[in-house]
Amino acid sequence: MDTVLSGIRSTGHLHLGNYFGALKNFVKIQDDYRCFFFIADLHSLTTHPHPDDFHSSVRTILAEYLAAGLDPEKSAIYIQSDVPEISELYVLLNMISYVGELERTVTFKEKVRQNPNNVNAGLLTYPVLMASDILIHRAQWVPVGKDQEQHLELARVFARRFNNMYGADIFPEPHNLVFTGGAVKVPGLDGSGKMGKSNGNGIYLYDDEKTITKKVMKAVTDSGPTEPDSPMPEVIANLFTLLGLVSDRSTVDYFTEKWNDCSIRYGDLKKQLAADICKVTLPIRERIDAIYNDESYLSEVVASGREKARASAAATLALVKQAVGFKAF
Ligand code: TRP
C-alpha cells in the first residue's frame, strides 16, 4: 500500500479552502492508503509565535482535523515535534542541501521581501524540514497546492541526491497527489482569487452562523448583468464556485438561470450561499468544540499517532544512519 502524507502549519483555523481543497479528500482516502497527517508545529516557529499561544494553536488544528473526519484508527495523526526522528533526519539532509538552491526558492524570496527583519536560518531551510517530514516515512504521495510544488520538487532532489551519494535505495521520490476531479480551487470572498489565511477573505470551519452570514453578505459583487447570457466577471463566478461546493445542483441551476436572464438578485444568492455553507460547517463546528474540550480523547489520539509515526520514522532513520556510516560502539 502506498503512503500518503500531508502536513499543516499550526497557525489560525482551517478555512473552506483547506476543507474542500484538501481535508475532504483526505477523509475519503484513509482506507486506500497508509496515511500520515501531522501538524507542523516546528514549521510554525519560523514566525516566533508567543509561547502562551503555541500549544493552543496545535490543539485547535488537531480538533478541527478530527472534527472534519480524519480518523485516528485508520491514519497516523500526530504532532511533528513528537517525532524527534524528523529533526534528526533534518540535520542529515541539511548536509546535502545547498544554500544556493534554498535561496532560489520562491517562498523564501517572498518571505525575505515581506519580513526583512526576520530572515532566520529556519526559513531558509524550511524546505529541508519539509523534505524530512516526507522522506522519514518514505512517502510516495504528498497532496500539495501550487504554492508548495517547489518544496516538493526539492524533496525529490534531496531524495535522489541522498540515494546517489550513499549508493542506497532508501527514498522513493515523492509526487503530488492530485485528487480525481482535479484540484479544487476555493476562491475567497474579496474577489482576489484563492481563499487564504493571510488575506482575510476566508470563511472558517469554526465561524458561527452570524459570522458566516455577515462575511458572505459582504462579499464583493458588481452592478449586475445588463445583457442576457453575458460573460460572468470573476467576482461573481467565485460566488458560483462556492455555491457549487456547498449547494445542490438545482440551486446552482436556479441562480445560473437568473444570471443568464439578468433577473439575479445578489442578495438572494448570498443568503442561499450563506445558508448552504452553514449546513456544511455548523455540524463540524459543534464537533470541534466537543473534541477541543475532551482532553483525555485528544491525549489518546496524540499518543497513538506518535507511536505509529515514530515506529515508521525509526525504521527509516536506522537505514539512513547505516548508509551514512554511523556505527554503534
Ligand atoms: N509547508 C506546508 C504548508 O505551508 C506545510 C507542510 C510542512 C507540509 N511539512 C509538510 C505539507 C510535509 C506537506 C508535506 O502548507
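Since we're looking at a predicted model, the values are computed, not measured. (Residues numbered from 1 in each chain as written. Predicted model: local features only at pLDDT ≥ 70, side-chain atom pairs only at ≥ 80, totals over all residues. Heavy atoms only, no water.)

Asker: Quick question: what am I supposed to make of helix H13 (residues 266–292) here?
Answerer: It helps to recall that an α-helix has 3.6 residues per turn; residues three or four apart then point in one direction. Helix length check: H13 (27 residues) gives 37 Å between terminal C-alpha atoms against 39 Å at 1.5 Å per residue, within 8%. Along H13, the sharpest kink reaches roughly 35°, centred on Lys279 and followed within four residues by the proline Pro283. Here H13 has its buried residues at Tyr266, Leu269, Lys270, Leu273, Ala274, Asp276, Ile277, Cys278, Thr281, Ile284, Ile288 and Ile291. On its buried side, H13 packs onto helix H1 (16–29), helix H3 (51–68), helix H10 (209–217), helix H11 (234–246), helix H12 (249–260) and helix H14 (295–324). (Helix = DSSP H or I, 4+ residues; strand = E, 2+ residues; numbered from the N terminus. Expected span 1.5 Å × (residues − 1). Bend = angle between axes of the 7 residues up to and from the residue. Buried < 20%, exposed > 50% of the residue type's maximum accessible area, 1.4 Å probe, protein only. Contact = heavy atoms within 4.5 Å.)

Asker: I tried to follow the packing of aromatic side chains on my own but got confused; where do I start?
Answerer: In this description, an aromatic ring pair is defined by two values, namely the gap between the centres and the angle between the planes. Scanning the entire structure with this criterion turns up 8 aromatic pairs. Judged by centre distance (5.0 Å) and plane angle (75°), the rings of Tyr19 and Phe20 are edge-to-face. With relative accessibility at 6%, the residue Phe20 sits in the buried group. Look at Phe26 and Phe37: their rings are 5.0 Å apart centre to centre, the planes differ by 20°, and that puts the pair in the stacked class. Here Phe26, found in helix H1, pairs with Phe37, found in strand S2 (residues 34–40); they are 11 residues apart in sequence, far enough to count as distant. Of the two residues examined, Phe26 and Phe37, each falls in the buried class. Three or more aromatic residues joined by ring pairs form one cluster here, namely Phe26, Phe37 and Phe179. (Phe/Tyr/Trp six-rings, centres within 6.5 Å; stacked < 30°, edge-to-face > 60°.)

Asker: Just checking my understanding: could you explain the sheet that holds strand S3 (residues 76–79) for this structure?
Answerer: Strands pair in a sheet through their backbones, by hydrogen bonds, and they do so in one of two ways: parallel or antiparallel. Strand order in the open sheet made by the 3 strands is S1-S2-S3, with parallel pairing throughout. Taken across any chain shown, the strands that pair with only one partner, and hence form the sheet edges, are strand S1 (3–9) and S3. With strand direction ignored, the average angle separating the axes of adjacent strands in the sheet is 15°. Strand direction decides the pairing type here: S1 and S2, joined by 7 bridges, are parallel. The residue of S2 that forms the bridge with Ile8 is Ile39. Contacts from H14 reach S2 and S3 within the one sheet, and its direction differs from that of S3 by about 95°. (Pairing = 2+ DSSP bridges. Axes fitted to C-alpha atoms, helices over the stretch in contact; angles between N-to-C directions.)

Asker: Would you explain the site of the ligand in this entry?
Answerer: The immediate surroundings of the ligand are formed by Leu5, Gly7, Arg9, Phe38, Ala40, His43, Tyr126, Met130, Asp133, Ile134, Val142 and Gln148. In this structure, a nitrogen atom belonging to the ligand sits 2.7 Å away from a side-chain N or O atom of Asp133. The contact in question runs from a nitrogen atom of the ligand to an N or O atom on the side chain of Gln148, over 2.9 Å. Surface burial for the ligand is 91%, taken as the share of its 360 Å² of free accessible area covered by protein chains. When residues of the shell around the ligand are traced back to their parent elements, those giving at least two are S1, S2 and helix H8 (126–135). The element best represented in the shell around the ligand is H8, accounting for 4 residues. Its residues placed into classes, the shell around the ligand shows 7 nonpolar, 3 polar and 2 charged. (Near = heavy atom within 4 Å. Polar contact = N/O pair within 3.5 Å; in protein donor to acceptor, adjacent residues only side chain to side chain. Areas by Shrake-Rupley, 256 points an atom, 1.4 Å probe, with all protein chains shown as cover. Nonpolar A, V, L, I, M, F, W, Y, C, P; charged D, E, K, R; others polar.)

Asker: Quick question: what am I supposed to make of the pairing of S2 here?
Answerer: The two faces of a sheet get side chains in turn, since along a regular strand they alternate between them. With 6 of 7 residues buried, S2 is to be regarded as a mostly interior element. Since S1 and S2 lie parallel, the crossover through H1 that links them has a hand, and here it is right-handed. Summarising the sheet, S2 and S3 pair through 4 bridges and their orientation is parallel. Its bridge partner lying in S3, Ile39 is registered against Ile79. (Right-handed = clockwise from strand over helix to strand, strands pointing away.)

Asker: How should I be thinking about the layout of surface pockets in this particular structure?
Answerer: Using a probe with the size of a water molecule, rolled over the atoms, empty space left in the structure can be pinpointed. One number sums up the size of the second largest pocket: a volume of about 300 Å³. As for the second largest pocket, its lining consists of 15 residues, and the residues nearest its centre are His55, Val58, Leu62, Ile79 and Val302. Mapped onto the lining of the second largest pocket, the elements with two or more residues apiece are H3 and H14. Among the elements that take part in the lining of the second largest pocket, H14 stands out by supplying 6 residues, more than any other. (1 Å grid on protein atoms, 1.4 Å probe; cavity = no way out; pocket = protein on both sides within 12 Å on 5 of 7 lines; lining within 4 Å. Points joined across faces, edges and corners; volume = space filled by probe spheres on them.)

Asker: Explain H14 here, please?
Answerer: If you check H14, its first and last C-alpha atoms are 41 Å apart, about what 30 residues at 1.5 Å a residue would give, namely 44 Å. Buried residues of H14: Leu298, Val301, Val302, Gly305, Ala309, Ser312, Ala313, Thr316, Leu317 and Val320, and no others. Of the residues flanking the end of H14, it is Gly325, one or two places downstream, whose phi is positive at about 115°.

Asker: Just to check I follow, could you spell out the pattern of salt bridges for this structure?
Answerer: When charged atoms on two side chains of opposite charge get close, those side chains can pair. Going through the model one piece at a time under the given rule, you end up with 13 salt bridges. Between Asp31 and Lys74 there is a salt bridge, and its shortest N-O distance comes to 3.4 Å. You can see Asp31 sitting in the loop between H1 and S2 and its partner Lys74 sitting in the loop between H3 and S3, a full 43 residues away along the chain. Owing to a relative accessible area of 49%, Asp31 belongs among the partly exposed residues under this scheme. (Salt bridge = Lys/Arg side-chain N within 4 Å of Asp/Glu carboxyl O.)

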